[in-house]
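# Structural overview for review
For reference, the chains in residue letters:
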Amino acid sequence: MNIALERQEREHESILRFASSTEPHQTLFHLKTNHGIETLFKAAGSERLIVVVVYTSSCGVCSRVLKAVDAVRKEYADHTGVLFCKHDAQTEYDTRSDVSQLYRITSVPTILFFADGALVRRSNPIRDVREGFGRRSSLDIEKELNCLSSTVSAMVADMLEEQLL
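Each residue is numbered by its place in its chain's sequence as written, counting from 1. Local features in this predicted model are restricted to residues whose pLDDT is 70 or higher, and side-chain atom pairs enter the listing and the counts only when it is 80 or higher, whereas totals over whole chains, interfaces and linings include all residues. As a convention, hydrogens and water are excluded, and side-chain values are obtained from all of the structure's heavy atoms.

## Things to note about the nonpolar core
- For this analysis, a nonpolar core means a set of buried residues of the types Ala, Val, Leu, Ile, Met, Phe, Trp, Tyr and Cys, connected via side-chain atoms within 4.5 Å. For every residue, the accessible area obtained with a 1.4 Å probe (protein chains only) is divided by the maximum for its type, and the residue is called buried under 20%, exposed over 50%, and partly exposed between those limits. Among the nonpolar cores identified, the biggest contains 24 residues, and F84 and V156 are the most heavily contacted of them.
- Secondary structure counts use DSSP, requiring at least four H or I residues in a row for a helix and at least two E residues in a row for a strand, with both numbered from the N terminus. Elements with a minimum of two residues in this core: β2 (49–55), α3 (60–75), β3 (82–88), β4 (110–115) and α6 (141–164).
- Each residue touching F84, except ones within four places of it in the same chain, is listed here: F18, L28, F29, V51, V69, V72, R73, Y76 and V156.
- Judged by nonpolar contacts, the second largest core, of 20 residues, contains I50, L83, V99 and F114. Whether two residues are in contact is decided by their heavy atoms: any pair within 4.5 Å suffices.

Spelled out as structure tokens, the structure:
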């Protein structure tokens, strides 16, 4: 078996364990490929909301957004209807990932919300926060993180409410 197929199979097995677990997840699950997202859709079923943070490891703002989304993940730890994931938009070869291309990610960080296997909402949280603060150019990091967590938490709550209706 070649290396690419082995990686794909390991990711597939890892996703199945993640999606079927009833225990609270300790971290944001790292999705590596578009195949991984498709596998997650199938394994998660139609009743679950999937939140994917698209980031790059070289982006300082992205790390703040990941921390904020991780705080929201902890807030929803007992809610089995939401799966929180992350995806690095750059490949090991320094090119755009297949997920970035498929979902037309033009800037990071971007948060994608999926329901029933379809993209139902996308958000650029930094832009959303800055617009909420009257486009001030610099914010205190703690205030920004608190606001990001609140913003993402409100989005998740809205999406879950829509799903229940």
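Having seen the model, we can carry on.
## Structural notes on the side chain of T56
- Within the secondary structure, T56 is located in the loop between β2 and α3.
- In this structure, T56 is in contact with C62, D88, A89, Q90 and V108, ignoring residues within four places of it in sequence.

## Digging into helix α2 (residues 34–44)
- Buried within α2 are the following residues: N34, G36, I37, T39, L40, F41 and A44.
- The elements touched by buried residues of α2 are α1 (3–20), β2, β3, α4 (98–102) and β4.
- Following α2 by one or two positions, G45 has its phi on the positive side, about 80°.

## Here's the deal with the confidence of the model for the chain
- Residue-level confidence of the predictor is what pLDDT reports, using numbers from 0 through 100. Averaged over all residues, the pLDDT of the chain equals 80, while 84% of them reach at least 70.
- Across the chain, element-level confidence peaks in β2 with a mean pLDDT of 92 and bottoms out in helix α5 (residues 125–132) with 67.

## Examining the packing of aromatic side chains
- Stacked, tilted and edge-to-face are the three classes applied to pairs of Phe, Tyr and Trp rings, where Trp contributes its six-membered ring and a pair requires centres within 6.5 Å; stacked means planes under 30 degrees apart, edge-to-face means over 60, and tilted covers the rest. For the structure on display, the rule yields four aromatic pairs.
- Judged by centre distance (5.0 Å) and plane angle (55°), the ring pair of F41 and F114 falls under tilted. Linking F41 in helix α2 with F114 in strand β4, this pair joins segments that are 73 residues apart in sequence.
- Of the residues examined, F114 reaches a relative accessible area of 1% and is grouped as buried.
- Their ring planes at 75° and their centres at 5.2 Å tell us that Y103 and F114 sit as a pair that is edge-to-face. On the criterion of sequence distance, the pair formed by Y103 in the loop between α4 and β4 and F114 in strand β4 is long-range, its members being 11 residues apart. Taken as a pair, Y103 and F114 share a single burial class, namely buried.
- Three or more aromatic residues joined by ring pairs form one cluster here, namely F41, Y103 and F114.

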